Amino acid sequence: MSKKSEEILALYKSKVMPTYAPSVVIASGKGVTVRDVDGMSYYDFTSGIGVNSVGYSHPKVVKAIQDQAAALTHCSNLYANVPATLLASKLVEISGLGGKVFFCNSGAEANEAALKLARMWGAANGGRYEVVTFRQGFHGRTLATVAATAQAWCQEGYDPLPVGFAYADYNDLESVKAALSDKTVAIMLEAVQGEGGVTPATAEFMKGVRALCDEKNLLMIVDEVQAGMGRTGTWFAWQGYDVKPDLFTCAKAIAGGLPMGALVSNAKLADTFGASAHASTFGGNPVAAAAANAVISVIEEEKLLENATKVGELLREALQGFVDKYDKLLEVRGKGMMLGLVVDGEAKDVVEALKGQGLLALTAGKNVVRFLPPLTLGESDLEDAIDMISDALDCAFGA
Ligand SMILES: *Cc1c(COP(=O)(O)O)cnc(C)c1O
């Protein structure tokens, strides 16, 4: 590591709370690559944790942000703004749910809004408030979303957590039935569990949850914060199943790198939040919304849903080849451009080896290497990246 990185990382360590432990200082990004402050370039197969889905510095997104910043950066929700209004109607259209949208600034905040809406609806529908969530799920870091996240590493040290959650096993309908009580109001899940290990729901499970919700008058809430906005080859991952949720949440990739979250409802729940029932100062910020509108146009114009499916499949095949070659690699799983490589050992060692070759990847849990490349990834860049992955695996496990 050269001088500039060392200098910044030393300052970072002395002044930023140690919740993260970065070892690279990124200065810029273009397309599917980022560059650090010393000029070292990396393929970014993290997309900034699922955020930069149309790549770094996409000219249309940059222009939308610049133009909107020059016109109006903020006006509060006491007044309407054009980009957020158009974005809401676009989200309703591409979701096909026929409902309405609430805007906020992050995934946790979008899930918090979903939980509050479910409670508001449950209070009027039998005095119910409990939400069933899943082990290995992930829903954010506010107190309520930590309580919704049934993983010890996320909850330790934060007692007492908000009440009103029951946990079930993912892809196990019987365990969901066992978690229901007469206070249950909703079932909340990811269509592909991200942080918990890149595990897709089975078709049978998604349909089973929907049927259970219909039967017991429960709300089905899908957390699309990581899997949404095209990553799995459909706008929203639940669209890859033959079901419709009552509510779903978006954040990460929605605004191409600017902070934004959204809660989208069906028609039944569109007016559950009345005047002043919920709020967010920055929610629907015009610059973030303009970026989001540009991201959606780019996904449509460049056919990135199709690309996520096609190039994602090529990456999956390459990873499967490595699984066949190395005993220490157990399985490839995921959907589209959300893929996990299950390791017999520590995923972080593989991530470190990949970084050494110039490719950034993520872990998901202890033993899964997670790949979330930009949806713009082309076949020639993919070939280069596969060579890097091959070299890294040789380093990690021996050729
Ligand atoms: C990242 C993530 C969140 C939390 O989003 P933040 O923007 O970090 O608050 C919630 N749910 C899922 C599925 C996520 O991947």
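As shown above, the structure is provided for reference.
Rules of the game
Residues numbered from 1 in each chain as written. Predicted model: local features only at pLDDT ≥ 70, side-chain atom pairs only at ≥ 80, totals over all residues. Heavy atoms only, no water. Salt bridge = Lys/Arg side-chain N within 4 Å of Asp/Glu carboxyl O. Helix = DSSP H or I, 4+ residues; strand = E, 2+ residues; numbered from the N terminus. Buried < 20%, exposed > 50% of the residue type's maximum accessible area, 1.4 Å probe, protein only. 1 Å grid on protein atoms, 1.4 Å probe; cavity = no way out; pocket = protein on both sides within 12 Å on 5 of 7 lines; lining within 4 Å. Points joined across faces, edges and corners; volume = space filled by probe spheres on them. Nonpolar A, V, L, I, M, F, W, Y, C, P; charged D, E, K, R; others polar. Phe/Tyr/Trp six-rings, centres within 6.5 Å; stacked < 30°, edge-to-face > 60°.

1. A word on the pattern of salt bridges
Thought 1: Taken as a whole, this structure holds 18 salt bridges when the rule is applied.
Thought 2: Put simply, Asp246 and Arg210 hold a salt bridge, and the shortest N to O gap is 3.1 Å. Taken together, the residues span a long stretch of sequence, with Asp246 in the loop between β10 (219-223) and β11 (247-250) and Arg210 in helix α9 (residues 203-216) at a distance of 36 residues.
Thought 3: The exposure class of Arg210 is buried, given its relative accessible area of 12%.
Thought 4: A salt bridge links Lys216 to Glu215; the shortest N-O distance between them is 3.9 Å.
Thought 5: A residue is classified by how much of its surface remains accessible, and Lys216, at 42% relative accessible area, is partly exposed.
Thought 6: Here the residues in one salt-bridge network are Lys90, Glu93 and Glu300, joined through shared partners.

2. Description of empty space enclosed by the protein
Thought 1: Tallied over the entire structure, the rule returns one cavity of 30 Å³ or more.
Thought 2: The volume enclosed by the largest cavity comes to roughly 30 Å³.
Thought 3: Lining of the largest cavity is provided by His74, Cys75, Ser76, Asn77, Asn81, Thr281, Phe282, Gly283, Gly284, Asn285 and Pro286.
Thought 4: Here the residues of the lining of the largest cavity are counted per class, giving three nonpolar, eight polar and no charged.

3. Quick word on the packing of aromatic side chains
Given two aromatic rings, one states the distance between the centres and the angle between the planes to describe the pair.
Thought 1: Here the structure, examined in full by the defined rule, presents 11 aromatic pairs.
Thought 2: Judged by centre distance (6.3 Å) and plane angle (5 degrees), the ring pair of Phe138 and Trp153 falls under stacked. With Phe138 in the loop between β5 (130-134) and α6 (143-148) and Trp153 in helix α7 (residues 152-155), this pair connects stretches of sequence that are 15 residues apart.
Thought 3: Given the relative accessible area of 15%, Phe138 is considered buried.
Thought 4: Plain terms: the ring middles of Phe236 and Phe248 are 4.5 Å apart, the flat faces sit at 50 degrees to each other, and that makes the pair tilted. Residue Phe236 is located in the loop between β10 and β11, and its partner Phe248 is located in strand β11; the two are separated by 12 residues in the primary sequence. The residues Phe236 and Phe248 share a single accessibility class, namely buried.

4. Concerning the layout of surface pockets
Thought 1: Approximately 2,000 Å³ is the volume found for the largest pocket.
Thought 2: As for the largest pocket, its lining consists of 45 residues, of which Tyr20, Ala21, Ile49, Leu362 and Thr363 are closest to the centre.
Thought 3: Elements that contribute at least two residues to the lining of the largest pocket include exactly β1 (26-30), α2 (47-50), α6, α7, α12 (347-357), β16 (362-364) and β17 (368-371).
Thought 4: For the lining of the largest pocket, the element with the highest residue contribution is α12, accounting for four residues.
Thought 5: Among the residues making up the lining of the largest pocket, the classes are represented as 22 nonpolar, 13 polar and 10 charged.
Thought 6: Here the second largest pocket defines a volume of roughly 720 Å³.
Thought 7: Lining the second largest pocket we find 32 residues, and of these Asn77, Val101, Phe102, Phe103 and His278 sit closest to its centre.
Thought 8: Counting only elements with at least two residues in the lining of the second largest pocket, the list comes to α4 (82-95), β4 (98-104) and β12 (261-266).
Thought 9: The leading source of residues in the lining of the second largest pocket is β4, at five residues.
Thought 10: When its residues are assigned to classes, the lining of the second largest pocket shows 17 nonpolar, 14 polar and one charged.

So far we have only geometry, and geometry alone does not tell us how the molecule works.
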